[in-house]
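Architecture at a glance
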Amino acid sequence: GQFDAAKTLELVQKLDQTRTVDHASGWHDQKVGDFKSLHVYFRPYKFKPDKLGRCVILTEFGGFSHAVKGHSHIAKKEFGYKKEGSLADFEQSMIDLYQQQITPAKNMGLSAAILTQLSDVEDEVNGLVTYDRQVVKIPTKTIRKLNSHLHF
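What counts and what doesn't
Residues numbered from 1 in each chain as written. Predicted model: local features only at pLDDT ≥ 70, side-chain atom pairs only at ≥ 80, totals over all residues. Heavy atoms only, no water. Pairing = 2+ DSSP bridges. Helix = DSSP H or I, 4+ residues; strand = E, 2+ residues; numbered from the N terminus. Axes fitted to C-alpha atoms, helices over the stretch in contact; angles between N-to-C directions. Phe/Tyr/Trp six-rings, centres within 6.5 Å; stacked < 30°, edge-to-face > 60°. Buried < 20%, exposed > 50% of the residue type's maximum accessible area, 1.4 Å probe, protein only. Lys NZ or Arg CZ within 6 Å of the ring centre and 35° of its normal.

This brings us to the sheet that holds strand β1 (residues 35-40). Strand order across the open sheet formed by three strands is β1-β2-β5, with parallel pairing between neighbours. Every other strand in the sheet has two partners, leaving β1 and β5 (112-116) as the edge strands with one partner each. Direction aside, neighbouring strands of the sheet carry axes that sit 20 degrees apart on average. Pairing of β1 with strand β2 (residues 55-62), which is carried by six bridges, proceeds in the parallel orientation. Considered in β2, the bridge of Leu38 is made with Leu58.

We now examine the packing of aromatic side chains. Following the criterion strictly, the structure yields four aromatic pairs and no others. On the numbers, 3.8 Å between centres and 20 degrees between planes, the contact of Tyr41 with Tyr81 is stacked. A residue pair is termed long-range when its members are at least 10 positions apart, and Tyr41 in the loop between β1 and β2 and Tyr81 in the loop between β3 (64-65) and β4 (82-83) qualify at 40 residues. A residue is classified by how much of its surface remains accessible, and Tyr41, at 17% relative accessible area, is buried. The class for Tyr81 is partly exposed, based on a relative accessible area of 30%. For the pair Phe61 and Tyr98, a centre-to-centre distance of 5.8 Å together with 65 degrees between the ring planes defines the contact as edge-to-face. Of this pair, Phe61 sits in strand β2 while Tyr98 sits in helix α2 (residues 87-108), and the two are 37 residues apart along the sequence. Three or more aromatic residues link up through ring pairs in this structure, and these residues are Tyr41, Phe42, Phe79 and Tyr81. We note Lys137 situated over the ring of Phe90; from NZ or CZ to the ring centre the distance is 5.2 Å.

Each neighbour pair has its own omega, and for Thr116 with Gln117 the value is -10 degrees, a cis peptide bond. Mapped onto the fold, Gln117 is located in the loop between β5 and α3 (140-148). Phi angles above zero are rare outside glycine, and Glu122 is one such case at about 45 degrees. Locating Glu122 in the fold gives a position in the loop between β5 and α3. Relative accessible area serves as the criterion here: at 40%, Glu122 is assigned to the partly exposed category. One non-glycine residue, Arg133, adopts positive backbone phi at about 65 degrees.

Right, let's talk about the pairing of β2 for a bit. For β2, the buried fraction is high: six of the eight residues fall into the buried class. In this structure, β2 lies alongside β5, joined through four bridges in parallel fashion. What sits directly across from Ile57, in β5, is Ala112.

What follows is the structure, encoded as structure tokens:
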């Protein structure tokens, strides 16, 4: 749970004023700190400026999953927010997500976005790289092209 986030943020800032702290990490924003943190998985993301004037960061997004046979941790159940049937479907969903939601949000004022996640971990198969790090699920040229639209 998220207990005393405002108090904890205050304590951390007293200890070290040089660090940016995510007091909510996508949970219940207590209207403190330097930025608003959002996790968006189950609905399309549309940028809205923070009413307090803080920068907005999409601290988790994506979550598309695809288990590559022979390259996953053996688990009874696989986890991901949207299961893709093939690597081609996985790649296309990521392209669509960036083109339709992430890049437009950046152009409206989104300050940063963090994809969930770099590699598969145990039963979570929503990484760009398999659990054993042997298969890159989306060609790096595709990721570079998507990210090139996010640079300032």
